[in-house]
Amino acid sequence: MSSTEQGTSSAAPAEPTTAPESAAAPEVPESFYYVHGKDKVVHKVSAGALQHSALIHGMISNLGYTEEQAKANPFPFENIDGDILQMVVDWCNQHKGKPTPPEDTNLPKQKEKLFDLVLAVNYLEIKELLTYCCKQVAMMVKGKSPEEIREIWMIPTDAEDEAAEKEAKKRAGKEAAGETAAAAGDAK
Amino acid sequence: MIHRQLQLFWLLLCRSSSAIVNIANTLLSLVYNLLNVFLKLSSPRKWLADQPQKSMENRARFRLLHLDYVAIREVLNVLDPTDYINFSKVSKACRKLSAIKKPYKVCLTILTSSSIMIVNGSITYQIRWTNVKNNYGTRMEWLWWDESRKYLDRCSENPLDDMKEFYQYARSLVGVDIDRAVFDMDHFNGKCREIVDWLGLNFSEMQALCVSGRDQRQEELQYVLDNVKVKDSLNICAETIEQLPLKIPETIQKLCITNGSWITLDYVMSLKMSQLALRDTHLTNQDLNEFLKSWMQMKSHRNLESFETDLTNHEDFPVVGLRGITYKMGPRRPEL
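- Named according to an unreviewed UniProt entry, chain A is Skp1-related protein originating from Caenorhabditis nigoni.
- As stated in UniProt under Function (unreviewed entry), the record for chain A gives "Probable essential component of SCF (SKP1-CUL1-F-box protein) E3 ubiquitin-protein ligase complexes, which mediate the ubiquitination and subsequent proteasomal degradation of target proteins. Regulates cell proliferation during embryonic and larval development."

Structure below.
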């Protein structure tokens, strides 16, 4: 398992400056957690950056890990591709403790990546990033006709929906019949 | 000799084999094409349905409906109203997804162009229908402080009907009622009653109405006032040919009449609104004195909170208009 060090710059304790001693607040060492995606590459992220994710924040609050325990037990997100998780981690680090701007131009332009990013961000419950992503998704169909929207967002026609529904019903019927037959066989 | 015959036979075989291959190729492609046509004719729906999929495969697309419901809703929430409506028209499933009550405020205007303003928080979308062909599909955006106004112009042979159709569709989809209406009767083009009847049919009452126009028939303006039910604010800027008193519904709270040359003291005394603004009246200072005393002694206008008018005679007002009334002169209001 390889490891990348994300957000470690904030981990290094700051050198004392010339500020008066009485004014200096005691520095609390920042805690770090570890996450990995489908590719098992572990990302080290500060608790401050992870606060953007309601899901991870909730997990952290409930677990009460020490630094060693956190390192030994990275949060596994097997349903998220490694590059997508990297993007999410980068975003969280960039916006750590900062008010989020109204627009974010660093989001991926490729539709497949954006799709995966929306899925990941929604799963991790990162509200601000989800809003940005969804704005970008909405921009895809700005000023487009219904037919163009259908093509861009790959929306099936009513006929295709009906056909899919019929197919699903047929399949469900067959499965139910199979189960009944199996149950009857068991009873005999 | 035999050798020569064999050579000739071989040559003939080679030539005829290439001809045979050519013929076979032609026949095969003919059969394939015929089969294709037959398949298309026998299942046109399937064939037609395959077409967009094939074209989509070539280009990267975004499967919106494969996202989680929360994400889909988030996307739909940031769509412009026109894009939102276009999305709802894509399929039955899309219509089901978009048929949700929205807290938008809608303003309908019939001025030089017909338009609908949809107010969503600090963003106002205005869709205008005009018969100016150059304006088709033009989108503009203005930012005023923290308020954003987005315009979309649509060219139309019949702006009024297209606006009505758009509104009715939007209403059936997101359940928005008209909050305000702004009419210039000069642009009704003889359709006053038709428009008013359509409004009456589609909703019971609106918050505010502003009517303007020049040299309108009294009867037509009165028809508007009688049939468009207004709850809060009525602004009458229209000028009638007859210049006779108008019958104003008593249910409204705020009344503003511009071009009020027909307003008499008796008319003012009969009004029951909580806010009155009467302009260009012929009310004398004596009339105003009588009204003010009656209001202050609570003999009339018990609901009245504010009263605005312009004076026909500024100089005499303190002496005549405020006779017998204790008053304090505030700073002069700057000219608007």
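1. So, the overall build of chain B
And then number 1: If you tally the helices and strands in chain B, you get eleven helices and eleven strands.
And then number 2: Split into buried and exposed, the 336 residues of chain B put 40% on the buried side.
And then number 3: Here the contacts in chain B between residues at least 6 apart in sequence split such that 57% fall between residues at least 24 apart.
And then number 4: For chain B, the accessible area works out to roughly 20,500 Å², and carbon and sulfur atoms hold 56% of it.

2. Considering the environment of T240 of chain B
Residues and elements named next belong to chain B.
And then number 1: Along the chain, T240 falls in the loop between strand 8 (230-236) and strand 9 (254-257).
And then number 2: Residue classification places T240 among the buried positions, given a relative accessible area of 7%.
And then number 3: Taking C-alpha positions, T240 is 5.4 Å from Q218, a pair spaced 22 residues apart along the chain.
And then number 4: Among all residues touching T240, those that are not within four sequence positions of it are Q216, Q218 and L221.
And then number 5: There is a polar contact of 3.0 Å between the side chain of T240 and the side chain of Q218.

3. Observations concerning a nonpolar patch on the surface
And then number 1: Together, M140, W142, W144 and W145 of chain B line one region of the surface with nonpolar side chains, adding up to about 570 Å² of accessible area.
And then number 2: Counting through the fold element by element, W142 of chain B comes out in strand 4 (residues 139-144).

4. Looking at the interface of chain B and chain A
And then number 1: Counting from both sides, the interface comprises 32 residues of chain B and, opposite them, 34 residues of chain A.
And then number 2: Buried surface at the junction of chain B and chain A, summed over both partners, amounts to about 3,000 Å²; 66% is from carbon and sulfur atoms.
And then number 3: Between the two partners, chain B and chain A, sit three salt bridges.
And then number 4: Put simply, E162 of chain A and K92 of chain B hold a salt bridge, and the shortest N to O gap is 3.7 Å.
And then number 5: Put simply, chain B and chain A have ten residue pairs in polar contact (both at pLDDT 80 or more) between them.
And then number 6: When residues of the side of chain B that touches chain A are traced back to their parent elements, those giving at least two are helix 2 (44-58), helix 3 (69-77), helix 4 (81-88) and helix 5 (92-98) of chain B.

5. Description of the pattern of salt bridges
And then number 1: Tallied over the entire structure, the rule returns 16 salt bridges over all chains.
And then number 2: Residue D83 of chain A pairs with K113 of chain A through a salt bridge whose shortest N-O separation is 2.7 Å. Highlighted residues: D83 of chain A in helix 4 (residues 82-94) and K113 of chain A in helix 5 (residues 111-124), separated in sequence by 30 residues.
And then number 3: Residue K113 of chain A is classed as partly exposed on the basis of its relative accessible area of 28%.
And then number 4: One salt bridge in this structure joins D153 of chain B and R128 of chain B, with 2.7 Å as the shortest N-O distance. With D153 of chain B in strand 5 (residues 147-155) and R128 of chain B in strand 3 (residues 123-130), the pair connects residues that are 25 residues apart, well separated along the chain. R128 of chain B carries the same exposure label as D153 of chain B, and that label is buried.
And then number 5: Among the charged side chains, a network of salt bridges with common partners joins R193, R217, E219 and E220 of chain B.

6. Focus on the nonpolar core
And then number 1: W153 of chain A together with F62, F87, L209, I248 and L255 of chain B are the most contacted members of the largest nonpolar core, which totals 118 residues.
And then number 2: With near-sequence residues (within four places) excluded, F87 of chain B lies in contact with I149, W153 and I155 of chain A together with L64, L65, L76, L79, C94, L97 and S98 of chain B.

7. Quick word on the layout of surface pockets
A probe matching the size of a water molecule, rolled over the atoms, marks out where space remains unfilled.
All names here are of chain B.
And then number 1: Looking at the largest pocket, its volume works out to about 1,200 Å³.
And then number 2: As for the largest pocket, its lining consists of 25 residues, of which T309, D310, L311, F317 and R333 are closest to the centre.
And then number 3: Contributing elements (two or more residues each) for the lining of the largest pocket: helix 10 (285-296), strand 11 (306-309) and helix 11 (317-321).
And then number 4: Grouping the amino acids of the lining of the largest pocket by side-chain chemistry returns 14 nonpolar, four polar and seven charged.

8. Re helix 6 (residues 159-174) of chain B
Residues and elements named next belong to chain B.
And then number 1: Compared with the 22 Å implied by 1.5 Å per residue over 16 residues, the 22 Å span of helix 6 between its first and last C-alpha is a close match.
And then number 2: Burial in helix 6 covers these residues: P159, L160, M163, K164, F166, Y167, A170, L173 and V174.
And then number 3: Two residues or fewer after helix 6 comes G175, characterised by a positive phi angle close to 60 degrees.

9. As for empty space enclosed by the protein
All names here are of chain B.
And then number 1: One pass over the structure, following the stated rule, counts four cavities of 30 Å³ or more.
And then number 2: Of the pockets and cavities examined, the largest cavity occupies roughly 90 Å³.
And then number 3: Considering the residues around the largest cavity, the lining is formed by P81, Y84, I85, Y104, V106, I116, I118, Y167, A170, L173, V174 and V176.
And then number 4: Mapped by element, the contributors of at least two residues to the lining of the largest cavity are helix 4, strand 2 (114-120) and helix 6.
And then number 5: Per-element tally for the lining of the largest cavity: the top contributor is helix 6, with four residues.

10. Observations concerning the packing of aromatic side chains
And then number 1: Tallied over the full model, the rule gives eleven aromatic pairs over all chains.
And then number 2: Ring plane angle 80 degrees and centroid distance 6.3 Å describe the contact between F77 of chain A and Y123 of chain A, whose orientation is recorded as edge-to-face. Here F77 of chain A is found in the loop between strand 4 (75-76) and helix 4, whereas its partner Y123 of chain A is found in helix 5, with 46 residues between them in sequence.
And then number 3: Plain terms: the ring middles of W153 of chain A and F87 of chain B are 5.8 Å apart, the flat faces sit at 70 degrees to each other, and that makes the pair edge-to-face. With W153 of chain A in the loop between helix 7 (146-152) and helix 8 (158-187) and F87 of chain B in helix 4, the pair connects residues from two separate chains. Note on accessibility: W153 of chain A and F87 of chain B belong to one class, buried.
And then number 4: Each residue in the set F291, W295 and F307 of chain B is aromatic and connected to the rest through ring pairs, giving one cluster.
And then number 5: Here the guanidinium or amino end of K44 of chain A rests over the ring plane of F32 of chain A, the centre of that ring lying 4.6 Å away.
And then number 6: Directly above the ring of Y223 of chain B sits R193 of chain B, whose terminal nitrogen or CZ lies 4.1 Å from the centroid.

The rules behind each value
- Residues numbered from 1 in each chain as written.
- Chains lettered and ligands numbered in written order.
- Predicted model: local features only at pLDDT ≥ 70, side-chain atom pairs only at ≥ 80, totals over all residues.
- Heavy atoms only, no water.
- UniProt positions renumbered as here; feature names shortened; annotations may be inferred.
- Helix = DSSP H or I, 4+ residues; strand = E, 2+ residues; numbered from the N terminus.
- Buried < 20%, exposed > 50% of the residue type's maximum accessible area, 1.4 Å probe, protein only.
- Contact = heavy atoms within 4.5 Å.
- Areas by Shrake-Rupley, 256 points an atom, 1.4 Å probe, with all protein chains shown as cover.
- Polar contact = N/O pair within 3.5 Å; in protein donor to acceptor, adjacent residues only side chain to side chain.
- Patch = residues over 30% accessible without salt bridge, like charges linked within 9 Å, V, L, I, M, F, W, Y side chains within 5 Å.
- Salt bridge = Lys/Arg side-chain N within 4 Å of Asp/Glu carboxyl O.
- Buried area = accessible area lost by both parts, 1.4 Å probe.
- Core = buried A, V, L, I, M, F, W, Y, C linked by side-chain atoms within 4.5 Å.
- 1 Å grid on protein atoms, 1.4 Å probe; cavity = no way out; pocket = protein on both sides within 12 Å on 5 of 7 lines; lining within 4 Å.
- Points joined across faces, edges and corners; volume = space filled by probe spheres on them.
- Nonpolar A, V, L, I, M, F, W, Y, C, P; charged D, E, K, R; others polar.
- Expected span 1.5 Å × (residues − 1).
- Phe/Tyr/Trp six-rings, centres within 6.5 Å; stacked < 30°, edge-to-face > 60°.
- Lys NZ or Arg CZ within 6 Å of the ring centre and 35° of its normal.

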